[in-house]
Amino acid sequence: MGRFDGLTDAQWQVIEHQLPKEPEKRGKGYPHAPWRPICNTIFWVLITGSRWCDVPRGEQWGSRTGAHRWLGRWQADGTLDKILTTLIEMADLAGLLNWERLAGDGFFFRDKGGGEKIEYGFKGKGTTTHLLVDGNGFPIAFTSTAANEDERLEV
């Protein structure tokens, strides 16, 4: 399990331009949350492997529901892949990645309703998320699959 205290200013400058423009406020409701706290929350969950309900609170963190929603959107439109690829390339150039030791882990979560990745598996109906990290706990890649897929093959 890694540790993450939020994006540094240098890290933020690297990924800030890859994020979509902040959407305009439509009608009533809360204004859009800034991207940096949302990214901090997403990366905290990915790096620490903790549950969404355990997300820290404070100015530098976004709401767990908002971050979870944006994570799903960014996975679907490729934004998250662009961000992670850029961060991995920068970390590799800086010599921060430990390629000699990799670790993979998967976690299951139940899900109701339909969707192409919601299937019956050994533990019930849901999806499995797989995470690959380097020797320092830095996330290299992750994917979500139907619960009925073989975890060993996904890793």
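None of these values were measured; they are calculated from a predicted model. (Residues numbered from 1 in each chain as written. Predicted model: local features only at pLDDT ≥ 70, side-chain atom pairs only at ≥ 80, totals over all residues. Heavy atoms only, no water.)

The subject of this paragraph is the side chain of T79. The residue T79 is located in helix α4 (residues 79-93) in this model. Beyond its immediate stretch of four places on either side in the chain, T79 contacts Q18, L19, P20 and W74. (Helix = DSSP H or I, 4+ residues; strand = E, 2+ residues; numbered from the N terminus. Contact = heavy atoms within 4.5 Å.)

What follows deals with the packing of aromatic side chains. For the coordinates displayed, the defined rule picks out five aromatic pairs. Residues F4 and F43 carry aromatic rings whose centres are separated by 6.4 Å and whose planes lie at 80° to one another, so their mutual orientation is edge-to-face. Of this pair, F4 sits in the segment before α1 (9-16) while F43 sits in helix α2 (residues 35-48), and the two are 39 residues apart along the sequence. Of the two residues examined, F4 and F43, each falls in the buried class. Ring plane angle 65° and centroid distance 6.3 Å describe the contact between F4 and W61, whose orientation is recorded as edge-to-face. (Phe/Tyr/Trp six-rings, centres within 6.5 Å; stacked < 30°, edge-to-face > 60°. Buried < 20%, exposed > 50% of the residue type's maximum accessible area, 1.4 Å probe, protein only.)

Turning next to the packing of α1 against α2. Helix packing for two helices is described by the angle between their axes and how far apart those axes are. Viewed as axis vectors pointing N to C, α1 and α2 meet at an angle of 105°, and their least axial separation amounts to 12 Å. Considered as vectors, α1 and α2 are oriented roughly perpendicular to each other. Taken together, the residues of α2 that come into contact with α1 (itself represented by D9, W12 and I15) are W35, R36, C39 and F43. Across the contact of α1 with α2, the residue classes break down as five nonpolar, no polar and two charged. (Axes fitted to C-alpha atoms, helices over the stretch in contact; angles between N-to-C directions. Parallel < 35°, antiparallel > 145°, perpendicular 65-115°, else oblique. Nonpolar A, V, L, I, M, F, W, Y, C, P; charged D, E, K, R; others polar.)

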